[in-house]
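# Structure assessment
Chain residues, written in single-letter form:
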Amino acid sequence: MTAINRISARYYSRFFVVVLLCLIGSGTTPVSGLTADSGAIIGRVLGPEGEPLTGAAVSVRNTSFTTVSDIDGFFRLYKVPIGARTIEVQFYGFTSALQTITVEAGASVLVIVSLNRMINLQEEITVTAELLLEGQARAMNRRKNALNIMNIVSAELMDNLPDYNSAEAAQRLPGISIKRDQGEGRYVLIRGTEPRLNATQLNGVNLPSPEGDIRSVALDVIPTEMLEAIVIHKTLTPDMDAASIGGAIDLDTRNASDTPRMTFSAGLGQNSISGGGIQRGEFSYGRRFNSNRFGLIFGSSFFNTDKGSENFEARYADGGLDALEIRDYTINRKRIGFFTAFDARISEQTRASVQGLFSRFDDHEYRRSVLSDIGNLSMKRSLKDRFEQQSIFSLKGELKHYFDSGIQFDASLAFSTAREREPGRRDTSFVQEGVGFSPNVTPDSINPADIQSYPGNENINLYLFDNLTVEDKFTRERLAAARVDISIPVSTDSQLSALIKTGGKIRFKHKKRNTDLTVFNAVEDISMAAFLDPDFNAGAFLDNRYTFGPFFTTDAYSRLFSLAAFTQEKNFAGDTEDYTAFEDTAAAYAMGEIYIGKSICLIPGFRYEYTANDYTGTSVSFDETGEFERLNSNQSRDSYGVFLPGFHLRYRIEKNINFRVSFTRSLARPDYFDRVPYQLINRNDWQVRMGNENLKPTKAWNADVMLETYLPTIGVFSVGVFYKYLKDYIYSHYYDADILGAWYKFVQPRNGNNAELWGMELAFLSQFRFLPSPLDGLGLILNYSFADSEARYPNRLGPKGRLPGQSHDVGNLVLSYERGRLSARFGINYHGRYVDAVGRTPDLDIFYDDHLQLDGSAGFQISPTIILFLEINNLTNEPLRYFIGTETRPIQEEYYKIWGMVGLRIVL
């Protein structure tokens, strides 16, 4: 079924009416940039080595005319009144420049402006420190001149922090916390919002998710070595995709600079918990050629680690301990990535570029577990052998052209695909029945540091084969998008000028998941004793709190079939995970950049997004005995449009002080699987799990106020507050219903009532070059954010709750020292506990506990181009911890111990 057929003509006509109105509104003003009483100023901003400076602020003194230089350093000002004019160019971290020119009627004036660094670098400063300061200055300059509120991590800072993937690098920014998996950062949470409420982009294009049930992109797939910057957009202008309530994470890949540059790094390390090694490598090369008209950069990265973890998981019933499971993980993870970018400066007015990235993340996991199933009086020993591979490919082409009239045309095409493969996952288990337990947990007494099941009669020789399940899972998401933007300069007089911008975007998504689950059962008893592994030793498991005991070999599943006959049965419950989804979006917007005098910039505008969905899911039912009954295919179609107005104010109090105010509306679409029309009906326990094809997107009104002061020491102090009013928040709804005389327990995602989220952010960053030696090598990154929320969940017993993902406190401290040949950093990252899953009642809410992690890194400059580095992570063995209702009821606690690496970095 084609995308055009899926979107009704009725709604397509609405979309094109909106686009037409935007274009007509833009066309009501004169479009010529060269008139009888005005002219144009076209120029370029260069650094001391002749490199282009991107994002330099260019203004005409005593007027409202202002702009910023593009990626090649070019700037353009149209409709400038004739006469003698003084151009002022500012780039944070560089000296300002003034240049007087004469603007003539109907003519263009060409200007070249060169700036010098004002960074006070001592002779003994390292190459690392020099690159870091310049990268930091460029990131600050981009943030300072942006129309919206944003935070940036530069490539240079990522290179010098012990962060192995994009999620871990983003956590150093204000208001950002991350969710971890096996000790590594995975999902990013912005300003107390769960990952679903945030968007992930690559070079401004939304990334598809490899995972089957959610929209969120796990950023452990993307290595930092391929990135120029990580930008967190905390407010959205109308020309940006509206699908982010907390914020949008934009991963910018590297571009070729005017100066040829090659980087290479290699490192080796070890995980202390497993004794396994770590290997990491990176290479990139970029240059311009043909008189700098063409630029090419390419690179690759590699990461491999053999790691592990130890955990326990608990389940409670009626206040007592219902089950206790201890788990030992042995894991191999590989991450490889390739990127390239090519651009062509076809002329001073036309630029074309192509950017591509491929990243693959392999995760091979052995999980040995021992389950004390107190409620069923049994012990189970299980082995999960699972290989999972995620990959993302993205390709974007863009064309920009400036017409002589001053109109800017910008168009892009993008294609992305994401895949997740989980072939042949095997779960093998042996069970001992009739085990007696004496747990030390009661409704009135629990020691969370010592939860024990105390099995009284466990016997390894009494464990018999239970079953073997084999699962094959495949997920793929494809995305194709096209975008057109048109910008038109407008001027009334020297104190009022504007840029009217309008455009549209279409995006087509196709996502599918297929799951096959097969269960093998033996026709006769098989003892686990025949498969014991003499080489397995879990050691002092969880600091000797638990005895893991002997375990069966990892190849037991293949040896089983030589000992007995087996029955094979398809588990149809896995079919409810299968679905196909088509999601097509069309958007149009109109906005203005209105400059009043030299200090005020207003950005009013609106965006309209229309979405059409076509989903196919599966319903499966089982009878009273648990036997498969029937399977049906279901389809749902729907469409909706959302009007999204916005307003931004940037008031430049002084040259380096910005005051910002934003009022915007944004949205977050449901996770894919939540709106699949599936049903899993079990009449043996009268339970039903189902999707909801009627889910509405969550929408939010957002208000932000921020004050930014940029310091002469290459730093910033900022303070801001924010407020979000959310409608149609999505949560898991639990209810009972009478169907034909039988009461069923239902679980279904539904839209809730309104919710509110508010908070504040403080950030300070500075290099203390003004201090006397040796303290002049110190630097500091310090940020703190506070957030609170109130959510109203219908039909839930108990008081109002908090929004999932919202921590009261999030903070960072990074202390650095740069002097002589030494470069060192010590980082502390903290986030408070937050609700991870909303329960049927408040005492069933699942919390992700607070996390305080200490990491360190150091570099020593062997030569002007070679740096020896050291990185150490998780110095205090901080665990991953979940609890239910209260912190004294942990349901998961997992430890990873310390890991670290040494290596060489070469910059040429």
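Keep in mind it's a predicted model, so treat the numbers as computed, not measured. (Residues numbered from 1 in each chain as written. Predicted model: local features only at pLDDT ≥ 70, side-chain atom pairs only at ≥ 80, totals over all residues. Heavy atoms only, no water.)

### Describing the overall build of the chain
Note the following rule: A helix here means a DSSP run of H or I that spans at least four residues, while a strand means a run of E at least two residues long, and both kinds are numbered starting from the N terminus. A radius of gyration in this sense is built from C-alpha atoms; the matching globule rule multiplies 2.2 Å by the number of residues raised to 0.38. Note on exposure labels: buried denotes an accessible area under 20% of the residue type's maximum, exposed denotes more than 50%, and partly exposed covers the range between, all computed with a 1.4 Å probe on protein chains only. Any two residues whose heavy atoms approach within 4.5 Å at even a single point are treated as in contact. Each accessible area is a Shrake-Rupley estimate made with a 1.4 Å probe; only the visible protein chains count as cover when residues are assessed.
Within the chain one finds six helices and 45 strands. The C-alpha radius of gyration of the chain comes to 29 Å, within 12% of the 29 Å expected for a compact globule of 908 residues. For the chain, the C-alpha atoms occupy an extent of roughly 95 × 70 × 50 Å along the three principal directions. For the chain, the proportion of its 908 residues judged to be buried stands at 59%. Looking at the chain alone, contacts between residues at least 24 apart form 71% of all its contacts between residues at least 6 apart. Here the chain displays about 34600 Å² of accessible surface, and carbon together with sulfur accounts for 56% of that area.

### Describing the sheet that holds strand 5 (residues 83-90)
As a reminder, the rule being used: Following DSSP output, two strands are said to pair if at least two bridges run between them. Simply put, an axis is a line fit to the C-alpha atoms, just over the touching stretch for a helix, and the angle between two N-to-C directions goes from 0 to 180 degrees.
Taken together, the four strands give an open sheet; going across it, the order is 3-2-5-6, and neighbouring strands pair in antiparallel fashion. Every interior strand has two partners, whereas the edge strands, strand 3 (66-68) and strand 6 (97-103), have only one. Across this sheet, the average inter-strand angle for adjacent strands is 25°, counted without regard to direction. Bridge analysis of strand 5 against strand 6 gives seven bridges, and the strand direction is antiparallel. Its bridge partner lying in strand 6, R85 is registered against I101.

### Some remarks on the confidence of the model for the chain
Rule in force here: pLDDT measures the predictor's confidence residue by residue and takes values from 0 up to 100.
With 94% of its residues at a pLDDT of 70 or more, the chain shows a mean pLDDT of 91. Per-residue pLDDT, averaged within each element of the chain, yields its smallest value for helix 1 (residues 3-6) (43) and its largest for strand 28 (residues 657-668) (98). Predicted confidence for residues 1-33 stays below pLDDT 50, and this span has 50 contacts to residues more than four positions away or in other chains.

### Looking at the side chain of S636
Turning to its location among the elements, S636 is positioned in strand 27 (residues 628-654). Overall, the relative accessible area of 9% leaves S636 in the buried class. With sequence-adjacent residues up to four places away left out, S636 is seen in contact with N613, D614, Y615, R675, P677 and E693.

### Examining a nonpolar patch on the surface
As a reminder, the rule being used: Only residues whose relative accessible area exceeds 30% and that form no salt bridge are eligible for patches; like-charged ones are grouped when within 9 Å, while nonpolar side chains (Val, Leu, Ile, Met, Phe, Trp, Tyr) are grouped when within 5 Å. For salt bridges, the criterion is a side-chain nitrogen of Lys or Arg within 4 Å of an Asp or Glu carboxyl oxygen.
A cluster of nonpolar side chains, contributed by F289, L296, F298, F342, V354, F393, L395 and F415, occupies part of the molecular surface with about 620 Å² of accessible area. Looking at the nonpolar patch, the elements that each hand over two or more residues are strand 17 (294-317) and strand 20 (378-402). Note on placement: V354 falls in strand 19 (residues 350-373).

### Observations regarding the packing of aromatic side chains
Which entries qualify depends on this criterion: Two rings from Phe, Tyr or Trp (for Trp, the six-membered ring) form a pair when their centres are within 6.5 Å of each other. A pair whose planes differ by under 30 degrees is stacked, one over 60 is edge-to-face, and the rest are tilted.
Here the structure, examined in full by the defined rule, presents 33 aromatic pairs. Ring plane angle 50° and centroid distance 6.0 Å describe the contact between F312 and Y546, whose orientation is recorded as tilted. Pair noted here: F312 is in strand 17 and Y546 is in the loop between strand 23 (496-522) and helix 6 (556-560), with a separation of 234 residues, a long-range link. Residue F312 is classed as buried on the basis of its relative accessible area of 0%. By relative accessible area, which is 9% here, Y546 ends up buried. For the pair Y731 and Y793, a centre-to-centre distance of 5.2 Å together with 45° between the ring planes defines the contact as tilted. Taken together, the residues Y731 in strand 33 (residues 730-739) and Y793 in the loop between strand 36 (778-791) and strand 37 (809-819) connect sequence positions 62 residues apart.

### Points about the sheet that holds strand 7 (residues 108-114)
Spatially, three strands are ordered 4-1-7 in an open sheet, and the strand pairing comes out mixed. Each of the sheet's edge strands pairs with one partner strand only, and the pair in question is strand 4 (74-81) and strand 7. Averaged over all neighbouring strand pairs, the angle between strand axes comes to 20°, with direction disregarded. Pairing geometry for strand 1 (residues 38-46) and strand 7, over seven bridges, is parallel. Residue pairing in the sheet places A40 in a bridge with S108 of strand 7.

### Details of the environment of A40
When you line up the elements, A40 lands in strand 1. By relative accessible area, which is 0% here, A40 ends up buried. Once the C-alpha coordinates of A40 and K79 are considered, the two residues, 39 residues apart in sequence, prove to be 6.0 Å apart.

### A word on the environment of R607
The cut-off we apply is this: For this analysis, a polar contact is any N or O atom pair within 3.5 Å, provided that within protein one partner can donate a hydrogen and the other can accept it, and provided that sequence-adjacent residues contribute only side-chain to side-chain pairs.
Position of R607 relative to the elements: it lies in strand 26 (residues 600-622). Overall, R607 belongs to the buried group, its relative accessible area being 4%. Engagement of the side chain of R607 in a polar contact is seen with the backbone oxygen of P238, the distance being 2.8 Å.

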